[in-house]
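# Structural features, examined
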Amino acid sequence: MTIRNGSRIDIGAVGFSGNKAVAIASFFDPRDGNYDGKVNLLECMAGHIPNLALEQRAIMQIAEFASINSEVISRDADFAMNANHLFVKYGMELTVNAIYSWYIDRNIKSIGATFTRNGKKSMIKCIAVRKGLEHIVKNGILHP
């Protein structure tokens, strides 16, 4: 089912299996903030800002407009509640990314850097340790 935004532009679709919404897809590049089909310089620069989660933002916006679409609600009465959960999940992800970037990332980098002192093989260890610690810390914040 095609979903339109407030400007009546088709921005995405919700896929159904029977009467249950199971998929959300965007028709636009996640960086295309005004849905004109082109990513201008400003949108391109904004797309390079870390931790914006633009793909999730695009899906969340489609879910928001779908949650007020009468055809979607008539097929899946729980869709509005699921859209609210997506919104909260998106907000939590942005918050966790901000906390991680501001307070924790430097410490993880320094721990990973201790493994790079022994040559090129250690760079792989550094990346593995850093990504592993990043995953553990972010999951620890989200699921204490």
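Now for a description of the structure that goes with this document.

The rules behind these values
- Residue indices begin from 1 for each chain and proceed along its sequence in written order.
- The model is predicted, so local features are restricted to residues of pLDDT at least 70 and side-chain atom pairs to those at 80 or more, both for listing and for counting; the totals for chains, interfaces and linings are taken over all residues.
- The side-chain figures draw on all heavy atoms in the structure; neither hydrogens nor water molecules are used.
- Secondary structure elements are taken from DSSP: a helix is a run of H or I of four residues or more, a strand is a run of E of two residues or more, and numbering for both begins at the N terminus.
- Think of it in three bands: residues with accessible area under 20% of the maximum for their type are buried, residues over 50% are exposed, and the middle band is partly exposed, with areas taken using a 1.4 Å probe on protein chains only.
- For the purpose of counting charges, residues Lys and Arg are taken to be positive, whereas Asp and Glu are taken to be negative. His and the chain ends are not included.
- The term salt bridge refers to a pairing of a side-chain nitrogen on Lys or Arg with a carboxyl oxygen on Asp or Glu at a separation within 4 Å.
- In protein, a polar contact means a hydrogen-donor-capable atom and an acceptor-capable atom, both N or O and within 3.5 Å, with residues adjacent in sequence counting only if both atoms are side-chain atoms; elsewhere, any N or O pair within 3.5 Å suffices.
- Contacts are residue-level and defined by heavy atoms, with any inter-residue pair within 4.5 Å sufficient.
- Two strands are counted as paired when DSSP detects at least two bridges linking them.
- As used in this record, nonpolar core signifies buried Ala, Val, Leu, Ile, Met, Phe, Trp, Tyr and Cys residues forming a set joined through side-chain atoms within 4.5 Å.
- Only the contacting stretch of a helix is used when fitting its axis, a line to C-alpha atoms as for every element, and angles between N-to-C directions run 0 to 180 degrees.
- To count toward a patch, a residue needs a relative accessible area above 30% and no salt bridge. Like charges then connect within 9 Å, nonpolar side chains (Val, Leu, Ile, Met, Phe, Trp, Tyr) within 5 Å.
- Per-residue accessibility takes into account occlusion by the displayed protein chains alone, with areas from the Shrake-Rupley method and a 1.4 Å probe.

Attention shifts here to unusual backbone geometry. A positive phi angle, close to 65°, is found at R8, a residue other than glycine. The residue R8 is located in the loop between β1 (2-4) and β2 (10-17) in this model.

On the secondary structure map, D76 appears in the loop between α3 (70-75) and α4 (79-113). Comment: no salt bridge for buried D76; closest opposite-charge side chain is K20, at 4.0 Å. At 3.2 Å, the side chain of D76 and the backbone nitrogen of D78 are in polar contact. Other than its neighbours up to four places away in sequence, D76 contacts F16, N19, K20 and A21.

This part is about the pairing of β2. Relative to β2, β1 runs antiparallel, the two sharing three bridges. Residue T2 lies in a different strand from β2, and its bridge partner there is A13. Hairpin geometry of β1 and β2 is characterised by an intervening segment of five residues between the two adjacent antiparallel strands and by a positive phi of about 65° at R8. As paired elements, β2 and strand β3 (residues 20-26) share six bridges and run antiparallel to each other. Its bridge partner being in β3, G15 is matched across the sheet by A23. Counting the residues in the hairpin turn of β2 and β3 gives two residues, including G18, whose phi is positive at 70°.

This part is about the nonpolar core. With 13 residues, the main nonpolar core has I3, V14, A66, V72 and F79 as its most contacted residues. Within the residue set of this core, elements represented by two or more residues are β2, α2 (54-67) and α4.

Among the secondary structure elements, R130 is positioned in helix α5 (residues 121-142). Along the chain, R130 and K109 lie 21 residues apart, while their C-alpha atoms are 6.6 Å from each other.

Moving on, we get to the sheet that holds β1. In spatial order, the strands read β1-β2-β3; together these three strands make up an open sheet with antiparallel pairing. Two strands bound the open sheet, and with one partner strand each, they are β1 and β3. Geometrically, the sheet is characterised by an average inter-axis angle of 35° between neighbouring strands, direction not taken into account. Where α2 meets the sheet, it contacts β1, β2 and β3, and its direction lies at approximately 130° from that of β3.

On the surface, a nonpolar cluster with roughly 370 Å² of combined accessible area is contributed by L41, L42 and M45. Considering the arrangement of structural elements, one finds L42 in helix α1 (residues 41-47). A relative accessible area of 63% means that L42 is categorised as exposed.

We now examine the pattern of salt bridges. This structure, assessed with the given rule, holds two salt bridges. For D29, the salt bridge is made with R31, and the minimal N-O distance between the two is 2.9 Å. Classification of D29 as partly exposed rests on a relative accessible area of 33%.

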